[in-house]
Amino acid sequence: PILATLLPAGYLAGLITAYLHKGLWVPYPGHFAAGTLLLVVVGSTVLVSKRIRGAQSPWRTPHFALGLLLLCTFLTQIYLGLNIFL
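Predicted model only: the values in this text are computed from it and were never measured.

Rules of the game
- Residues numbered from 1 in each chain as written.
- Predicted model: local features only at pLDDT ≥ 70, side-chain atom pairs only at ≥ 80, totals over all residues.
- Heavy atoms only, no water.
- Helix = DSSP H or I, 4+ residues; strand = E, 2+ residues; numbered from the N terminus.
- Rg over C-alpha atoms; globule rule 2.2 N^0.38 Å.
- Buried < 20%, exposed > 50% of the residue type's maximum accessible area, 1.4 Å probe, protein only.
- Contact = heavy atoms within 4.5 Å.
- Areas by Shrake-Rupley, 256 points an atom, 1.4 Å probe, with all protein chains shown as cover.
- Expected span 1.5 Å × (residues − 1).
- Arc of directions from axis to C-beta.
- Core = buried A, V, L, I, M, F, W, Y, C linked by side-chain atoms within 4.5 Å.
- Phe/Tyr/Trp six-rings, centres within 6.5 Å; stacked < 30°, edge-to-face > 60°.
- Axes fitted to C-alpha atoms, helices over the stretch in contact; angles between N-to-C directions.
- Parallel < 35°, antiparallel > 145°, perpendicular 65-115°, else oblique.
- Left-handed = near helix turned anticlockwise from the far one by under 90°.
- Nonpolar A, V, L, I, M, F, W, Y, C, P; charged D, E, K, R; others polar.

Participant: I would appreciate a short explanation of the overall build of the protein in the present structure.
Facilitator: Summing up its helical and strand segments, the protein has three helices and zero strands in all. In sequence order, the secondary structure elements of the protein are arranged as α-α-α. A globule of 86 residues ought to have a C-alpha radius of gyration of about 12 Å, yet the protein, at 15 Å, is considerably larger. For the protein, the C-alpha atoms occupy an extent of roughly 50 × 20 × 15 Å along the three principal directions. Counting over 86 residues, the protein shows a buried share of 20%. The long-range share in the protein, meaning contacts at least 24 apart out of those at least 6 apart in sequence, stands at 56%. Accessible surface computed for the protein: about 6300 Å², of which carbon and sulfur atoms make up 74%.

Here is the structure:
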């Protein structure tokens, strides 16, 4: 739940910081695309998690798959972000 609430704030902070430093809203399109995908996946994960009712809920498998996608996308985002410095 903390990640789901902090991610939109970090997304907006990244947009504002990029604009203040580079004068462009999207100076690094790959990093922006991965961040946007993170925002969508986190939102989807929250919506799916609210539908889980009990251990036998059919929503557990989609929640698990979205969680794995979220972790992989975070790794990609970190890689792209660190390459900005190089």
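Participant: Looking at this model, I keep getting lost on helix α1 (residues 2–22). Mind explaining?
Facilitator: Residue pairs three or four apart in sequence face the same way in an α-helix, which turns once every 3.6 residues. For α1, which comprises 21 residues, the first-to-last C-alpha distance of 30 Å matches the rise-based estimate of 30 Å (1.5 Å per residue) to within 8%. Taken together, the buried positions of α1 are L7, L15 and A18. Buried residues of α1, seen end-on, are gathered within an arc of 70 degrees and therefore sit on one face of the element. Residues of α1 that are exposed and angled more than 90 degrees away from the buried face: I2, T5, L6, L12, L20 and H21. Buried residues in α1 make contact with α2 (29–49) and α3 (60–85).

Participant: Explanation requested: the nonpolar core in the structure shown.
Facilitator: Within soluble globular proteins, side chains that are nonpolar generally end up buried alongside one another. Listed in full, the seven residues of the largest apolar core are L7, L38, V41, V42, V48, L66 and L70. Among the secondary structure elements, those contributing two or more residues to this core are α2 and α3.

Participant: Sorry, what's going on with the environment of L68 here?
Facilitator: Along the chain, L68 falls in helix α3. The exposure class assigned to L68 is partly exposed, which follows from its relative accessible area of 41%.

Participant: Explain the packing of aromatic side chains to me, please; I cannot follow it from the model alone.
Facilitator: Here a ring pair, both rings aromatic, is described through the centre-centre distance and the interplanar angle of the planes. Counted under the stated rule, the structure contains two aromatic pairs. Measuring from centroid to centroid gives 4.4 Å for Y19 and W25, while their planes differ by 15 degrees, and the two rings are stacked. Residue Y19 is classed as partly exposed on the basis of its relative accessible area, which comes to 37%.

Participant: How should the packing of α2 against α3 be read in this particular structure?
Facilitator: Two measures define how a pair of helices packs: the angle their axes make with one another and the distance between the axes. Where α2 meets α3, the closest approach of the two axes is 9 Å, and the angle between their N-to-C directions is 160 degrees. By the angle between their axes, α2 is roughly antiparallel relative to α3. As α2 packs across α3, the resulting crossing turns out to be left-handed. Touching G30, H31, A34, G35, L37, L38, V41, V42, S44, T45, V48 and S49 of α2 are P62, H63, L66, L69, L70, T73, F74, Q77, L80, G81 and I84, all from α3. For the contact of α2 with α3, the class distribution of residues is 13 nonpolar, ten polar and no charged.

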